[in-house]
Amino acid sequence: MEYKTLAEVYNKLESTTLKLEKTEIISQFLSGVEKDELDRVIFLLTGDVYPGWSSSELGLSSNLMIKAISRAYGVTALEIEEGWKTLGDLGLVAEKYSVQKKQATLFSRVLTVRKVFDNLRKIGDMSGMRSQDKKLALVSELLGSVSNPFEARYLARTVIGDLRIGVAEGILRDAIAGAFFTNIYSKETLDQKVNSMTKLGLVAKYASGKMIAVDSKVDAYLLKKYEAVYTELKSSNVVVVRDVGVIGDDDLSTKKSGIDYVFFYDSSIGNETKSKIISSVEHAYNMTNDFSVVAQVARDDGISGLHKLHLTVNHPIKVMLYQKALTIEDAFDIVGKPAAIEYKYDGFRLQIHKTNEGVHLFTRRLEEVTRQFPDVVSAVSKNVSCGSFILDCEVVGVDRVTGKWLPFQKISRRIKRKYDIDEIVKEIPVTVHFFDAMMIDGKNLIDTPYSERRKLLESVVSCDEDVMVAKHIVTSQVSSAKEFYDESLSRGNEGIMMKNMSAPYKPGSRVGYGIKIKPTMDSLDLVIVGAEYGEGKRAGWFSSFNLACYDSDSGEYLTIGKLGTGIKEKVGEGTSFHELTELLKPHIIEEKGKSVTLKPTVVIEVHFEEIQKSLTYSSGFALRFPRLVRLRDDRMPEDSSSIDEISTVYGGQRGRG
Ligand code: AMP
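Residues numbered from 1 in each chain as written. Predicted model: local features only at pLDDT ≥ 70, side-chain atom pairs only at ≥ 80, totals over all residues. Heavy atoms only, no water.

**Describing the sheet that holds strand β17 (residues 514-517)**
Next, step 1: Within the open sheet, the five strands sit side by side as β7-β17-β16-β8-β15. Their pairing is mixed. Here the strands that pair on one side only, and so sit at the sheet edges, are β7 (323-324) and β15 (472-475).
Next, step 2: Looking at chain direction, β7 and β17 are connected through two bridges and run parallel. If you follow Lys324 over to β17, its bridge partner there is Lys516.
Next, step 3: On the sheet, helix α19 (residues 328-335) packs against β7, β8 (339-344), β15, β16 (495-500) and β17 and is oriented at approximately 25 degrees with respect to β16. (Pairing = 2+ DSSP bridges. Helix = DSSP H or I, 4+ residues; strand = E, 2+ residues; numbered from the N terminus. Contact = heavy atoms within 4.5 Å. Axes fitted to C-alpha atoms, helices over the stretch in contact; angles between N-to-C directions.)

**What about the sheet that holds strand β4 (residues 211-214)?**
Backbone hydrogen bonds are what pair the strands of a sheet, in a parallel or an antiparallel way.
Next, step 1: Pairing is parallel across the open sheet formed by four strands, whose spatial order is β1-β6-β4-β5. Every interior strand has two partners, whereas the edge strands, β1 (183-186) and β5 (238-241), have only one. Sheet twist, expressed as the average angle between the axes of neighbouring strands with direction ignored, equals 20 degrees.
Next, step 2: With four bridges joining them, β1 and strand β6 (residues 261-264) adopt parallel strand pairing. Residue pairing across strands places Asn183 opposite Tyr261, the latter belonging to β6.

**Points about the site of the ligand**
Next, step 1: Around the ligand there are 15 residues in total, and Glu342, Arg349, Glu394, Lys516 and Arg635 lie nearest to it.
Next, step 2: Summarising the interface, the protein chains cover 96% of the accessible area of the ligand, which totals 490 Å² for the free molecule.
Next, step 3: Of all the secondary structure elements, the ones that give two or more residues to the shell around the ligand are β8 and β16.
Next, step 4: Per-element tally for the shell around the ligand: the top contributor is β8, with three residues. (Near = heavy atom within 4 Å. Areas by Shrake-Rupley, 256 points an atom, 1.4 Å probe, with all protein chains shown as cover.)

**Digging into the nonpolar core**
Next, step 1: Counting residues in hydrophobic clusters, the biggest one holds 117 residues, and the most contacted among them are Leu30, Leu45, Met65, Leu143, Ile176 and Phe545.
Next, step 2: In this view, Phe545 contacts Ile528, Gly530, Ala531, Gly561, Lys562, Leu563, Ile567, Phe577, Leu580 and Leu584; residues no more than four positions away in its chain are not counted.
Next, step 3: Formed by 33 residues, the second largest nonpolar core is a distinct cluster that contains Met320, Val335, Ala470 and Ile515. (Core = buried A, V, L, I, M, F, W, Y, C linked by side-chain atoms within 4.5 Å. Buried < 20%, exposed > 50% of the residue type's maximum accessible area, 1.4 Å probe, protein only.)

**Side note on the environment of His587**
Next, step 1: Note that His587 resides in the loop between α25 (577-584) and β21 (588-592).
Next, step 2: Taking the C-alpha atoms as reference points, His587 and Asp118, 469 residues apart in sequence, are found 24 Å from one another.
Next, step 3: In contact with His587, not counting residues within four places along its chain, are Thr597, Leu598, Lys599 and Thr601.

**Overview of unusual backbone geometry**
Next, step 1: Residue Pro338 is reached from Lys337 by a cis peptide bond, and omega for that bond is -10 degrees.
Next, step 2: Secondary-structure assignment places Pro338 in the loop between α19 and β8.
Next, step 3: Backbone geometry places Asn195, a non-glycine residue, at a positive phi of 50 degrees.
Next, step 4: Looking at the secondary structure, you find Asn195 in the loop between β2 (193-194) and β3 (197-198).

**What to know about helix α17 (residues 267-288)**
Next, step 1: If you check α17, its first and last C-alpha atoms are 32 Å apart, about what 22 residues at 1.5 Å a residue would give, namely 32 Å.
Next, step 2: Measuring from the side-chain oxygen of the N-cap residue of α17 to the backbone nitrogen of Ser268 gives 2.9 Å; that N-cap residue is Asp266. (Expected span 1.5 Å × (residues − 1). Polar contact = N/O pair within 3.5 Å; in protein donor to acceptor, adjacent residues only side chain to side chain.)

**Focus: the pattern of salt bridges**
Next, step 1: If you walk through the whole model with that rule in mind, you get 45 salt bridges.
Next, step 2: For Lys115, the salt bridge goes to Glu141, with nearest N and O atoms at 3.0 Å. You can see Lys115 sitting in helix α7 (residues 113-125) and its partner Glu141 sitting in helix α8 (residues 131-144), a full 26 residues away along the chain.
Next, step 3: A relative accessible area of 26% means that Lys115 is categorised as partly exposed.
Next, step 4: Residues Arg632 and Glu605 are paired through a salt bridge, measuring 3.7 Å at the closest nitrogen-oxygen approach. Of this pair, Arg632 sits in the loop between β26 (627-631) and α26 (643-651) while Glu605 sits in strand β23 (residues 603-607), and the two are 27 residues apart along the sequence.
Next, step 5: Judged by relative accessible area, Arg632 falls into the buried class, the value being 5%.
Next, step 6: Since its relative accessible area comes to 10%, Glu605 is described here as buried. (Salt bridge = Lys/Arg side-chain N within 4 Å of Asp/Glu carboxyl O.)

**A word on the environment of Asn356**
Next, step 1: Note that Asn356 resides in the loop between β9 (348-355) and β10 (358-363).
Next, step 2: Distance from Asn356 to Gly270, taken between C-alpha atoms, is 45 Å for residues 86 residues apart in sequence.

**Details of the domain arrangement of the chain**
Next, step 1: According to the domain assignment, the chain contains domain 1 (48-160), domain 2 (177-285), domain 3 (323-517) and domain 4 (523-655).
Next, step 2: Taken together, the contacts link nine residues of domain 1 with seven residues of domain 4.
Next, step 3: When the area that domain 1 buries against domain 4 is broken down by residue, the three leading residues are Trp84, Lys85 and Gly88, summing to 62%.
Next, step 4: Inspection of the region where domain 1 meets domain 4 yields zero salt bridges.
Next, step 5: Our count for the domain 1 to domain 4 interface comes out at two residue pairs in polar contact (both at pLDDT 80 or more). (Domains from an automatic or database assignment. Buried area = accessible area lost by both parts, 1.4 Å probe.)

**Side note on the packing of α17 against helix α18 (residues 291-308)**
Next, step 1: It is at 10 Å that the axes of α17 and α18 come closest, and there the two elements cross at 125 degrees. One finds that α17 runs oblique with respect to α18. Crossing hand, α17 versus α18: right-handed. Counted together, Ile277, Ser280, Val281, His283, Ala284, Tyr285 and Thr288 of α17 and Phe291, Val293, Val294, Ile303, Leu306 and His307 of α18 form the full contact between these two elements. (Parallel < 35°, antiparallel > 145°, perpendicular 65-115°, else oblique. Left-handed = near helix turned anticlockwise from the far one by under 90°.)

**Description of the state of the cysteines**
Next, step 1: Under the counting rule described, the total for this entry stands at zero disulfides.
Next, step 2: Here Cys393 stays unpaired: no disulfide links it, and the sulfur of Cys463, its closest cysteine neighbor, is 12 Å away.
Next, step 3: Here Cys393 falls in the buried class, since its relative accessible area comes to 0%.
Next, step 4: Cys463 sits in the partly exposed class, given a relative accessible area of 47%. (Disulfide = S-S within 2.5 Å.)

**Observations regarding the packing of aromatic side chains**
Next, step 1: Enumeration over the complete set of coordinates arrives at 14 aromatic pairs.
Next, step 2: Consider the rings of Tyr10 and Tyr154, whose centres lie 5.0 Å apart with planes at 45 degrees: the pair is tilted. In this pair, Tyr10 is assigned in helix α1 (residues 3-14) and Tyr154 in helix α9 (residues 149-159), connecting sequence segments 144 residues apart. Tyr154 matches Tyr10 in its accessibility class, with the two residues each being buried.
Next, step 3: When the ring of Tyr343 is compared with that of Phe484, the centres are 5.2 Å apart and the planes differ by 35 degrees; the resulting orientation is tilted. Of this pair, Tyr343 sits in strand β8 while Phe484 sits in helix α24 (residues 478-490), and the two are 141 residues apart along the sequence. When sorted by exposure, Tyr343 lands in the same class as Phe484, which is buried.
Next, step 4: Lys187 extends its terminal NZ or CZ atom over the ring of Tyr221, reaching a point 4.9 Å from the ring centre.
Next, step 5: Between the NZ or CZ atom of Arg632 and the centre of the ring of Phe408, over which it lies, the distance is 4.4 Å. (Phe/Tyr/Trp six-rings, centres within 6.5 Å; stacked < 30°, edge-to-face > 60°. Lys NZ or Arg CZ within 6 Å of the ring centre and 35° of its normal.)

Following this line, the structure appears as structure tokens:
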């Protein structure tokens, strides 16, 4: 496939903000992709060349991109920087200069998806200081081979990790479902409007040439209500009018049934089938953390193939996330009674995998940290007695003399340390507190109820002073829960977790299967999405930071305020302006005057006095007096505080209860 074809799809995706339209665009495109190109195409649609479980990153800095554009198109770095300031996007800058270059040269080779993907993989796989030149050569080679300006735009954006096509995971999941399984629509959904268009109109716009089975009642209905659009749809598609009953799993696969769309009159039959398809794709993604595998299996092996996908040891899955509640009563309302209640330890989350070859540790960002924690590896090898496993735990730093927990900052030093590991192991010892099990003895436990997972966990972990299973009670009584909460706090923990006894393990979701309760609700984990350079003694550093929370529905970051306090002037006294600036600079994606837009990467914990309603920020809220508490380098941007969590805290503030 020519890269131009993919770039055209990117362009279509960029030109609409409608989720459903994006889904249709991708789904139509994927259904026509050749078998041996599907994985590369899926990766490039996610703007990455590695699956979600991989620690590898493409991660080229904007600075290197400037050099690559300069080399490919023969313009100076200064001109490119100027262009970047005006256009605010290195992709557009690359596009602009590629046009000039195009006029000057004649291209003989066609840039293919394969070539782009392979070069980008090579870049990601290279390491070490001396690799910079080779990376530069590979990127400029790609930029120099484009025959269409769009291609340069999306190439540059992919390389710096900022594709800007608004394709969140949910869209890709639905698009894979739409591409390889029958698209189910009921009379009601076809009637629904997205902006000014009905969904029927949207299908008509994208489904040209597809096979559509329509039940006779809905056929008559659509003909009467939407004569023009429906007649047009019929003229460009193979429409079979027949009474569609319940569809078996095999018939759902487009490849097997040959049917791309089914229109039902009765929404209840359709909705059930549709949610079966979506949940099968989602299940497969939860297992593999790799959309390229999901797409290939969906295409070739249908629903039953998706259900056969299994967890793989050493391919970390996304961790389950927890909602926040203000009171124990609220938490019981969400998780039900009786509930499991556990200490909420204040440390660092690790996903621990074991095969015959040994133990591997991954952070919640799914980065491998096995080397940094030889003490955890040996304690876990000794204390967990089963075959292959995947377990979830919190690792807490402990002062062996006083027995007290160490602050999070200490243990975060252990994660960053790449040398003299033995010394830091002695300086900052840790204890391991297991709280969940996703696989034990090779058996997948994702869909096993929590109460059983906990029993299995207890049966394989022998506890001592280094390794424990999270302290836990099961109760329906608010009074017992409160007592346990006080006990947890008195032991120096952060609060408690309350868990639904029969819930599955939901990777990457903040569903209400587990709730956290902490006494201080005046802190949030927020992502830095922009910054401004300071003046005077802070010249050259970022001095003000734009904060955002996460909206999992849209996959977007919504702004909530600016922060300039709590940051130290001097290095070594805590998080300094210098440190934050260094951390953020590689993630600049747009620069205008003193302001920069940043790729959401760095998460910080922020204290505030109050949350207010606001029209200034896209979240609809603003923080009063935000100040930085600490860097949360253990967090992915997607597991920063959610907009729902912020609404909960807002609602629980004085006088709003
Ligand atoms: P928060 O960091 O405020 O979103 O709270 C959730 C985090 O608490 C999890 O990601 C874990 O790192 C940590 N945690 C500590 N103890 C537990 C526990 N018993 N169960 C689940 N998570 C826990």
